Number of protein chains: 2
Amino acid sequence: MTTSKLIRLLPWIQEPLIVSAPMRPFAAHELATAVTLAKGLGFVPNGNQTVHTRSELEAASKIFDSAALPQALGDVLKHSLPIGLGYQIYQESLEEAVELISEFKPIAVWLFAARQNEDYARWAEAILGASPNTTVWIQVGTIAEALAVVKLCGEEIVLVFQGSDAGGHGLQHSAGLITLLPEAADALSQYNIPILAAGGISEGRGAAAALSLGADGIVMGTRFLAASESKTPKGFVEQILHGKDGGRTTRRTRLFDNIRGTSDFPSEYNGRALINQSIIDEDDGIPEDETKQEYEDALRDPATGYGQKGRLVSYAGTGIGLVTEIKSAREIVEETRRGAVHAIESIQHRASRWRV
Amino acid sequence: MTTSKLIRLLPWIQEPLIVSAPMRPFAAHELATAVTLAKGLGFVPNGNQTVHTRSELEAASKIFDSAALPQALGDVLKHSLPIGLGYQIYQESLEEAVELISEFKPIAVWLFAARQNEDYARWAEAILGASPNTTVWIQVGTIAEALAVVKLCGEEIVLVFQGSDAGGHGLQHSAGLITLLPEAADALSQYNIPILAAGGISEGRGAAAALSLGADGIVMGTRFLAASESKTPKGFVEQILHGKDGGRTTRRTRLFDNIRGTSDFPSEYNGRALINQSIIDEDDGIPEDETKQEYEDALRDPATGYGQKGRLVSYAGTGIGLVTEIKSAREIVEETRRGAVHAIESIQHRASRWRV
């Protein structure tokens with residue numbers, strides 16, 4: 001039932017739904033539109049300035065206006081922009097957001113990082129007032145948070161459950177999808193709320209697992225950072241392609257918030273990033289102001305600033321080891337969809353021989 | 001191929017293989033034998049004293065000797081004891097272990113927490129020398145660790161991949177099963193080594209997910225702590241049954257090693273436990289020696305020592321929210337097997353409608 005609702009909200013998609021996360025600042029209109037055109041759903045993040053986000057949405061509109069669209073997508077385009085828009089709401093202006101959403105009518109708006117759950121309700125109400133066809137997606141990391149959000153915002157939302165393997169910002173303390181999803185599905189079974197799964201899904205097997213754990217669709221971030229349409233800097237992409245064994249080579253930390261000036265990020269969150277020299281220095285007890293200075297020096301030379309010995313920040317999930325090639329967003333979406341089906345067929349084939 | 005090898009090693013099992021972990025000190029012969037009799041594989045931990053472990057193995061032998069066994073299990077009993085034995089090898093005597101293994105010939109010995117990977121190879125060689133029908137299982141938490149172990153120990157082992165959601169001791173930094181398993185399956189594809197998945201699996205959906213991510217069988221710990229055959233103290237079981245939202249209500253920590261006298265546990269490990277007053281005190285900056293004293297005081301009254309306000313230690317995984325009832329080990333094994341098949345059938349049914 002929840003999956004049918006998702007398909008009603010996003011009628012052009014091909015199941016299983018594959019979503020590209022609003023990774024700030026690298027997921028721009030090129031990536032988001034390509035994911036939607038591959039019958040998934042792409043998100044762009046709100047940038048630092050509304051004027052910048054506006055030009056992203058304008059560029060996305062132009063791409064859809066000039067593309068040959070399947071009918072279901074063309075129909076949506078008459079009333080909505082078929083990409084999503086992501087906000088880390090603790091630091092953003094609802095007024096500016098409403099203005100932009102009212103003008104572009106994105107099919108979805110993904111809210112994250114509220115200072116308090118009441119802010120999600122306030123934003124959701126204002127967004128629906130400005131654009132009734134927009135669905136509000138809210139990112140949560142625990143069952144308690146999900147239930148609180150549903151109580152405040154009602155049933156006409158989509159919930160994105162982010163597990164502890166996710167790259168970038170998420171709850172400091174959370175579970176992996178293997179327990180988070182089934183518990184979420186049970187806790188929300190009385191509601192008709194689609195559940196999206198994020199955190200550690202890089203390809204078909206992870207997608208198949210998340211779907212069998214109770215998700216209606218899946219979100220990938222790290223995998224899409226290595227899409228040819230992503231604005232991810234070259235050195236960062238290289239780290240993803242060569243990185244392995246993400247449990248060992250990434251770390252959840254507040255360090256990068258502290259040295260990059262985002263220390264006002266609500267305190268229950270931190271971010272998972274590839275381990276680099278700054279984290280090694282922190283482990284070695286080197287004072288944070290020295291690390292901050294090194295980081296700022298590195299900014300002057302982005303070409304050499306990434307990597308294990310580098311200082312620039314590469315937020316990425318534990319799934320890096322499963323990302324080994326740059327591919328187009330379309331290839332990634334189609335391959336993940338096919339991979340999920342293949343994984344489901346394989347396990348079904350195995351299970352057909354079991355006597356239970 | 002790896003699954004066929006597992007079935008050859010454990011010919012009485014019913015697929016998918018369900019294993020009870022050697023949870024120290026609560027998993028004793030009653031639990032392990034019940035899991036094996038339900039066509040899974042049960043493990044007992046080596047206790048603090050070999051004399052204690054010996055009496056557990058003697059008791060297990062008696063149970064099998066007096067039970068009406070299916071033929072495959074009866075055949076195994078002629079040369080091996082069809083339960084496994086678990087060692088945290090950093091602190092144990094190989095000499096005593098070899099004596100015990102040589103006498104009882106457990107079908108599997110699970111090694112964990114070596115000070116260095118070479119110790120696994122040393123133990124494995126000695127164990128096989130003492131009991132050629134015993135298979136050595138080695139618990140790992142990263143791909144690098146797995147590859148190092150295979151290089152040292154060869155292919156005639158079983159690898160248990162433990163994800164970050166697991167309760168009890170595990171790597172301080174590791175990934176959840178959603179990324180760990182597929183990367184492990186790829187990295188080991190050239191070997192014929194069965195992969196077991198542990199960490200966050202509490203019921204059928206998690207089992208189905210782990211199997212579709214690449215595992216040949218699954219291990220549960222926390223779920224079996226609430227088996228009627230487990231020696232888990234009442235207050236601890238209550239915590240598991242009432243606990244929810246494990247990402248929020250459990251924590252990976254070294255605190256309990258420090259206050260319980262296991263601070264010599266190799267430094268790359270910590271343990272996931274239910275958050276109680278000791279962890280809250282640590283968050284509040286209360287000195288560890290005060291917390292240690294409170295813990296020691298609580299030991300005098302185990303009946304009231306567990307719980308959120310308590311001091312006694314409840315090692316448990318993030319899957320606690322999915323464990324709501326005490327059941328017999330047989331019920332748990334059978335229900336998990338049925339649940340896995342059901343989850344696979346459901347996702348297969350959904351996927352049959354996808355056009356890919």
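Nothing here was measured: the structure is a model prediction, and the numbers come from that model.

Here we look at the pattern of salt bridges
In step 1: Evaluation of the coordinates by the stated rule reveals 38 salt bridges over all chains.
In step 2: We note a salt bridge from Asp-297 of chain B to Arg-300 of chain B, for which the minimum N-O separation is 3.2 Å.
In step 3: The network of salt bridges with common partners includes Arg-54, Glu-99 and Glu-103 of chain A.

Looking at the side chain of Thr-53 of chain B
All names here are of chain B.
In step 1: For Thr-53, the location among the structural elements is in helix H3 (residues 50-66).
In step 2: A distance of 2.5 Å separates polar atoms of two side chains, one belonging to Thr-53 and the other to Asn-46.
In step 3: Leaving out residues up to four positions away in the same chain, Thr-53 has contacts with Pro-45, Asn-46, Gly-47, Leu-85 and Leu-100.

Observations regarding the sheet that holds strand E10 (residues 250-253) of chain B
All names here are of chain B.
In step 1: Spatially, the three strands line up as an open sheet ordered E7-E11-E10, and their pairing is antiparallel. Where the open sheet ends on each side, the last strands, each with one partner, are strand E7 (168-171) and E10. Averaged over all adjacent pairs, the angle separating strand axes in this sheet is 30°, with direction ignored.
In step 2: Strand direction decides the pairing type here: E7 and strand E11 (residues 269-274), joined by four bridges, are antiparallel. Bridge assignment links Gly-168 to a residue of E11, and that residue is Arg-272.

Let's talk about the domain arrangement of chain A
Quite often, the size of an interface is put as the accessible area lost when its parts meet.
All names here are of chain A.
In step 1: Looking at the assigned domains, one finds that chain A contains domain 1 (2-232) and domain 2 (234-319).
In step 2: The C-alpha-based centres of domain 1 and domain 2 are spaced at 25 Å.
In step 3: Across the boundary between the two partners, domain 1 contributes 23 residues, which contact 22 residues of domain 2.
In step 4: Of the roughly 2100 Å² buried where domain 1 meets domain 2, counting both sides, 56% is carbon and sulfur surface.
In step 5: For domain 1, the biggest contributors to the area lost against domain 2 are Tyr-90, His-169 and Gln-172; these three give 28% of the whole.
In step 6: Summed over the shared surface of domain 1 and domain 2, the result is zero salt bridges.
In step 7: At the surface where domain 1 touches domain 2, the tally comes to 13 residue pairs in polar contact (both at pLDDT 80 or more).

Cut-offs used in this document
Residues numbered from 1 in each chain as written. Chains lettered and ligands numbered in written order. Predicted model: local features only at pLDDT ≥ 70, side-chain atom pairs only at ≥ 80, totals over all residues. Heavy atoms only, no water. Salt bridge = Lys/Arg side-chain N within 4 Å of Asp/Glu carboxyl O. Helix = DSSP H or I, 4+ residues; strand = E, 2+ residues; numbered from the N terminus. Polar contact = N/O pair within 3.5 Å; in protein donor to acceptor, adjacent residues only side chain to side chain. Contact = heavy atoms within 4.5 Å. Pairing = 2+ DSSP bridges. Axes fitted to C-alpha atoms, helices over the stretch in contact; angles between N-to-C directions. Domains from an automatic or database assignment. Buried area = accessible area lost by both parts, 1.4 Å probe.

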